[in-house]
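Results of the structural survey
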Amino acid sequence: MGVGSNVIAKAFDDLKTMHAMREAWQALADADPEANVFLSWEWMHRLFSEDPSTWCVFFVRDPAALNGVSAILPLHHRFHWSKSKQLCQTRFEAAGRRGLSPLTGLLCDPAREETALRALAQRIKRERWARLTLRFEPTGQRLHALADHLNGKAYRISWPDYKTSNELVDQLRVPTVSLPTSFESYLQNSISKSTRSKLRRFRRKYLETGAYRVEQTTPANFEANVNIFKALWRLRWEGTMSKRRINDFLNRLDQFLRRCQSMDVLFMPVLWRGIGPLALWSGWSICREKACSVLQQRGDLMMKCLP
């Protein structure tokens, strides 16, 4: 089944076109209930500006869609030398993963999703590439629909697990939690009476006495808390990862946290005991139409004391 001559999938890889697409991109993100901050124009523009030569964006022009665009799929590309085939191959992956985004995927006009995904698949088929990896797409449904349109003898499609070494944690899942209006509202409406009493006793014993304190990350302490995060992360992985891998990750982490802070979506409280940081938790608060949620990054609760 075709998509119609007036529905056209295109691609671009330059910041000038990125700027021209801003209004349509933002309108599509506002209309898409599956959109998240890591697919926003502002996030992607910052990410692409940091490394302007390794990305591209596929999008679908559709006069029946909001602002004339029904889908946007940002990708990162790299060249890979295949020893077995003795040639250089192009490999695509979700653009956000290069910037440590916990969620990836694509934006779609819900009313034009089927047509948009079919058009995207037809456009992707025209590219010369050896591998396309789209991990951490939160809906699952869109990814499977896109794969169905790509299915054919020319492609081998697989859905591998991505779990921790002990098989206990599915790293393809990112918890999303809707927030109540206040902590007191959470205590009253979200937990049992017994748990509520325990939390209040804990708060009186440890927090209200000053034995422990929770410090939110603000512009004033951002630099200090980023350094705490990196120091805790280094302590956690030294001895199990090479120094080069640790330094590479921490450089990307530093850029990631600065992007979040500059967009005012970073939620990174630090637990202190006395004058020493004890633990740090990183997440990202996302507010849309007065409804707030928090995304938790996998494995970023650090609970090792700094010396």
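Here is what the cut-offs are and how they apply
- Residues numbered from 1 in each chain as written.
- Predicted model: local features only at pLDDT ≥ 70, side-chain atom pairs only at ≥ 80, totals over all residues.
- Heavy atoms only, no water.
- Helix = DSSP H or I, 4+ residues; strand = E, 2+ residues; numbered from the N terminus.
- Buried < 20%, exposed > 50% of the residue type's maximum accessible area, 1.4 Å probe, protein only.
- Contact = heavy atoms within 4.5 Å.
- Salt bridge = Lys/Arg side-chain N within 4 Å of Asp/Glu carboxyl O.
- Axes fitted to C-alpha atoms, helices over the stretch in contact; angles between N-to-C directions.
- Parallel < 35°, antiparallel > 145°, perpendicular 65-115°, else oblique.
- Left-handed = near helix turned anticlockwise from the far one by under 90°.
- pLDDT = per-residue confidence, 0-100.
- Patch = residues over 30% accessible without salt bridge, like charges linked within 9 Å, V, L, I, M, F, W, Y side chains within 5 Å.
- Areas by Shrake-Rupley, 256 points an atom, 1.4 Å probe, with all protein chains shown as cover.
- Lys, Arg positive; Asp, Glu negative; His and termini not counted.
- Charge placed at Lys NZ, Arg CZ, Asp CG, Glu CD.
- Core = buried A, V, L, I, M, F, W, Y, C linked by side-chain atoms within 4.5 Å.
- Pairing = 2+ DSSP bridges.

Side note on the overall build of the chain
- Regarding its fold elements, the chain presents ten helices and 13 strands.
- Counting over 307 residues, the chain shows a buried share of 42%.
- Considering only intrachain contacts with a sequence separation of at least 6, the fraction spanning at least 24 residues in the chain is 64%.

Here's the deal with unusual backbone geometry
- Phi at Leu100 is positive, roughly 70 degrees, even though this residue is not glycine.
- You can see Leu100 is positioned in the loop between α4 (95-98) and β5 (107-108).
- Positive phi is not limited to glycine here, since Asp264 has a value of about 60 degrees.
- The topology assignment puts Asp264 in the loop between α10 (243-262) and β9 (266-267).
- Here Asp264 falls in the exposed class, since its relative accessible area comes to 68%.

What about the pattern of salt bridges?
- Inspection of the entire model under this criterion finds 13 salt bridges.
- Taking the shortest distance from any N to any O, the salt bridge between Glu215 and Arg213 comes out at 3.6 Å.
- Using a relative accessible area of 36% as the deciding quantity, one classes Arg213 as partly exposed.
- Note that Asp254 is salt-bridged to Lys230, the shortest N-O span being 3.1 Å. Linking Asp254 in helix α10 with Lys230 in helix α9 (residues 222-237), this pair joins segments that are 24 residues apart in sequence.
- Given a relative accessible area of 15%, Asp254 falls into the buried group.
- Look at the salt bridges and you will find they share partners, linking Glu223, Lys230, Asp254 and Arg258 into a network.

A short note on the environment of Ala121
- Looking at where Ala121 falls in the secondary structure, it is placed in helix α5 (residues 113-125).
- On a C-alpha basis, the gap between Ala121 and Leu150 in space is 5.6 Å, while along the polypeptide they are 29 residues apart.
- With residues near it in sequence (within four places) discarded, Ala121 still touches Leu146, His149 and Leu150.

As for the packing of α5 against helix α6 (residues 141-150)
- In the contact formed by α5 and α6, the axes pass within 9 Å of each other and the chain directions differ by 50 degrees. Of the possible angle classes, the one that applies to α5 and α6 is oblique. Seen along the crossing, α5 lies across α6 with a hand that is right-handed. Taken together, the residues of α6 that come into contact with α5 (itself represented by Glu113, Glu114, Leu117, Arg118, Leu120, Ala121, Ile124 and Lys125) are Gln141, Arg142, Ala145, Leu146, His149 and Leu150.

Section: the confidence of the model for the chain
- Looking at the chain, the pLDDT average stands at 85 and 90% of residues meet or exceed 70.
- Contacts of residues 288-307 to residues separated by more than four positions or lying in other chains number 77 contacts, the stretch itself having pLDDT below 50.

Observations regarding a positive patch on the surface
- Taken together, the side chains of Arg78, Arg98, Arg131 and Arg156 make up a positively charged region of the molecular surface.
- Position of Arg78 among the secondary structure elements: in strand β3 (residues 69-82).

Remarks on the nonpolar core
- In this structure, Phe12, Trp25, Met44, Phe48, Ile72, Leu107 and Leu257 are the most contacted members of the largest nonpolar core, which totals 45 residues.
- Ignoring anything within four residues of it in the chain, the contact list for Phe12 reads Thr17, Met18, Met21, Trp25, Trp55, Cys56, Val57 and Phe59.
- Core analysis: the next-biggest nonpolar cluster, separate from the first, contains 24 residues, Val60, Leu73, Cys108 and Trp129 among them.

Remarks on the sheet that holds strand β10 (residues 270-273)
- Pairing is antiparallel across the open sheet formed by three strands, whose spatial order is β8-β10-β11. Strand pairing shows two members of the sheet lacking a second neighbour, β8 (212-215) and β11 (276-280), which therefore form its edges. Sheet twist, expressed as the average angle between the axes of neighbouring strands with direction ignored, equals 30 degrees.
- α9 rests against β8, β10 and β11 of the sheet, and its axis sits at about 75 degrees to β11.

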